[in-house]
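Residue-level structure breakdown
Given next are the chains, with one letter for each unit.
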Amino acid sequence: MADLLPYGRQSITEDDVAAVTEVLRGDWLTTGPAVARFEADLAAHTGGVPAVSVTSGTAALHVAYAAAGVGQGDEVVCTPMTFVATAATAALRGATVVFADTSPETGNVDVDAVRAAITPRTKVVAAVDYAGHPAALDELAEVAHDAGALLLEDAAHSVGGSWRGRPVGSWADLTTFSFFPTKNLTTAEGGAVSCADQELLARAREFHNHGLVRDKVRQRFPDEGGWHQEVHEFGLNYRLPDVLCALGSSQLSRLPAFVVRRAELHARYDAGLADVDGVATPVTLPGAEPAWHLYPLRVLGGRRRELYEFLRERGIGVQVNYVPVYWHPVFADLGYRRGLCPGAERFYAEELSLPLWPGLADADVDRVVDEIRTFYR
Ligand SMILES: *Cc1c(COP(=O)(O)O)cnc(C)c1O
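These numbers come from a predicted model, not from an experiment.

Procedures and definitions
Residues numbered from 1 in each chain as written. Predicted model: local features only at pLDDT ≥ 70, side-chain atom pairs only at ≥ 80, totals over all residues. Heavy atoms only, no water. Helix = DSSP H or I, 4+ residues; strand = E, 2+ residues; numbered from the N terminus. Rg over C-alpha atoms; globule rule 2.2 N^0.38 Å. Contact = heavy atoms within 4.5 Å. Areas by Shrake-Rupley, 256 points an atom, 1.4 Å probe, with all protein chains shown as cover. Phe/Tyr/Trp six-rings, centres within 6.5 Å; stacked < 30°, edge-to-face > 60°. Buried < 20%, exposed > 50% of the residue type's maximum accessible area, 1.4 Å probe, protein only. Lys NZ or Arg CZ within 6 Å of the ring centre and 35° of its normal. Pairing = 2+ DSSP bridges. Axes fitted to C-alpha atoms, helices over the stretch in contact; angles between N-to-C directions. Parallel < 35°, antiparallel > 145°, perpendicular 65-115°, else oblique. Left-handed = near helix turned anticlockwise from the far one by under 90°. Nonpolar A, V, L, I, M, F, W, Y, C, P; charged D, E, K, R; others polar. Near = heavy atom within 4 Å. Polar contact = N/O pair within 3.5 Å; in protein donor to acceptor, adjacent residues only side chain to side chain. Domains from an automatic or database assignment. Buried area = accessible area lost by both parts, 1.4 Å probe. Salt bridge = Lys/Arg side-chain N within 4 Å of Asp/Glu carboxyl O.

1. Examining the overall build of the protein chain
- A tally of helices and strands in the protein chain yields 13 helices and 15 strands.
- For 377 residues, the compact-globule estimate of 2.2 N^0.38 gives 21 Å, and the protein chain sits close to it at 21 Å.
- Considered along the principal axes of its C-alpha atoms, the protein chain spans approximately 80 × 50 × 40 Å.
- For the protein chain, long-range pairs separated by at least 24 residues make up 71% of all intrachain contacts whose partners lie at least 6 apart in sequence.
- Summed over its atoms, the accessible surface of the protein chain is roughly 16200 Å², and 53% of this surface lies on carbon and sulfur atoms.

2. Let's talk about the packing of aromatic side chains
- As enumerated under the stated definition, the model contains 13 aromatic pairs in all.
- When the centroid spacing of 4.8 Å and the interplanar angle of 45° are considered together, the rings of Tyr269 and Tyr295 count as tilted. Placement of the pair is Tyr269 in helix H9 (residues 255–273) and Tyr295 in strand E14 (residues 295–299), with a sequence separation of 26 residues.
- For Tyr295, a relative accessible area of 0% corresponds to the buried category.
- When the centroid spacing of 4.9 Å and the interplanar angle of 85° are considered together, the rings of Phe375 and Tyr376 count as edge-to-face.
- Take Phe375: its relative accessible area is 10%, and that puts it in the buried class.
- Taken together through their ring pairs, the aromatic side chains of Phe99, Tyr326, Phe331 and Tyr336 make up a single cluster.
- The residue whose ring lies beneath Arg314 is Phe310, and the NZ or CZ to ring-centre distance is 3.6 Å.

3. Description of the sheet that holds strand E12 (residues 279–280)
- Strand order across the open sheet formed by three strands is E12-E14-E15, with antiparallel pairing between neighbours. Of all the strands in the sheet, the pair left with one neighbour each is E12 and strand E15 (351–354).
- The pairing of E14 with E15 spans four bridges and is antiparallel. Considered in E15, the bridge of Arg298 is made with Glu351.

4. Some thoughts on the packing of helix H3 (residues 57–67) against helix H7 (residues 198–207)
- Direction vectors running N to C along H3 and H7 enclose 125°, while the axes themselves pass 8 Å from each other. Between H3 and H7, the interaxial angle falls into the category oblique. Viewed along their axes, H3 and H7 form a crossing whose handedness is right-handed. Contact with H3, carried on its side by His62, Val63, Ala66 and Ala67, involves Leu200, Arg203, Ala204 and Phe207 of H7 and no other residues of that element.
- Across the contact of H3 with H7, the residue classes break down as six nonpolar, one polar and one charged.

5. Looking at the site of the ligand
- Taken together, 14 residues surround the ligand, and among them Gly57, Thr58, Asp154, Ser178 and Lys183 come closest.
- Between an oxygen atom of the ligand and a side-chain N or O atom of Lys183, the distance comes to 3.0 Å.
- Of the residues forming the shell around the ligand, the biggest block, three residues, is contributed by H3.
- Taken together, the residues of the shell around the ligand sort by class into four nonpolar, eight polar and two charged.

6. Observations concerning the sheet that holds strand E7 (residues 166–167)
- Judged by pairing direction, the sheet is antiparallel, and its three strands sit side by side in the order E7-E6-E13 without closing on themselves. Two strands bound the open sheet, and with one partner strand each, they are E7 and strand E13 (288–289).
- Bridge count for strand E6 (residues 162–163) against E13 is two bridges, and the pairing is antiparallel. What sits directly across from Ser162, in E13, is Glu289.

7. Considering unusual backbone geometry
- With omega at 5°, the peptide bond leading from Asn321 into Tyr322 counts as cis.
- By the element assignment, Tyr322 lies in the loop between helix H10 (304–313) and helix H11 (329–332).
- Its identity is not glycine, yet Ala188 carries a phi of approximately 70°, on the positive side.

8. Observations concerning the side chain of Asp173
- As for its position among the elements, Asp173 is in the loop between E7 and strand E8 (174–178).
- A distance of 2.8 Å separates a polar atom in the side chain of Asp173 from a polar atom in the side chain of His145.
- Within the structure, the side chain of Asp173 is placed 2.7 Å from the backbone nitrogen of Leu151, a separation counted as a polar contact.
- Discounting chain neighbours no more than four positions away, the residues touching Asp173 are His145, Leu150, Leu151, Ser194, Cys195, Ala196 and Leu200.

9. Side note on the environment of Gly315
- Structurally, Gly315 is set in the loop between H10 and H11.
- Gly315 gets classed as buried once you look at its relative accessible area, which sits at 1%.
- Along the sequence, Gly315 and Val49 sit 266 residues apart, while their C-alpha atoms lie 42 Å from each other.

10. What about the domain arrangement of the protein chain?
- The domain boundaries assigned to the protein chain delineate domain 1 (14–252) and domain 2 (255–376).
- Taken together, the contact between domain 1 and domain 2 spans 37 residues of the former and 36 residues of the latter.
- Of the roughly 3000 Å² buried where domain 1 meets domain 2, counting both sides, 64% is carbon and sulfur surface.
- Here domain 1 and domain 2 share zero salt bridges between them.
- On inspection of domain 1 and its partner domain 2, the count reaches 19 residue pairs in polar contact (both at pLDDT 80 or more).
- Listing elements by their share of the side of domain 1 that touches domain 2, those giving two or more residues are helix H4 (85–92), strand E3 (96–99), E6 and helix H8 (242–252).
- Of the residues that constitute the side of domain 1 that touches domain 2, the class distribution is 17 nonpolar, 16 polar and four charged.

So, in structure tokens, the structure goes:
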């Protein structure tokens, strides 16, 4: 049997390798000049909004909730159609996660459902740009702000995309990214938080570095000595090392090309599958310029598992993104019941992610399309 065609994978060039080895030969492995450079390079893709780099998308979410001051007694309104980390990191801060149902078209959180889920305790609304298609970021920001809450955009899928003419990273109060190898660009493990508000950004930066306060003006004991630094609120070490930031900057130089290639492959699937009865191809809403991370095919008539197994047997590494977050036993044990978000559950029941990554050949897409057509013949 042929090797499994993965649903996602990194694209690494000799330039990427050279960028990493150059840092390895230098003085800094951890926090050196490549970190600030990567953060500045990322800002060039988010409308100039500054960023803090961190060790993963999960760390980015944890940092963002910490910066927002999320804690015990607070509620976080969250989409269930995401990787568990979007909700888990809020729960780890002691917050209660309130799930709001998703729209049947995009799998993104529904604005009316968010509005209905908001209470006086809501501190953050957490949306995901599912598959790379931006959520209704303008409307979500308005709903969150009207309630005195912040909008957190989990943009793990969508770096390089835009909504209503403005790039992802420039809409929400806090935007988080993941640079895991299957995502739109990679630093191996890695992530970032983008944030326009200087105070929030400073809190994010502090939390990702043990909570250390180095600014003498803010220190309680500034006369302790030149070596002195102090912790006012607990933090963690989520610093992304120089070595990986160098890879990130090198990858970012190809982000526009990645987005274009992913869109071409996406369109090729659309064209190949448009007339197949039994599936629905992904929707692009007006105003969205997605940076497609996934190709989320919808398999109708209860045949998703059958098609999943058929394609897997033929060496096509399809995936399902995602089981509704509250189905995870950790949430079920807290009392979250199946049926809570019927839209998301239906979306999950039908969803099948086809292989999508920049190095995928047109012929690979054609083979996947042919196998799907064979399944339905
Ligand atoms: C990948 C992903 C994360 C977690 O990112 P890691 O870098 O793997 O920790 C969070 N949210 C979403 C939507 C993701 O796809």
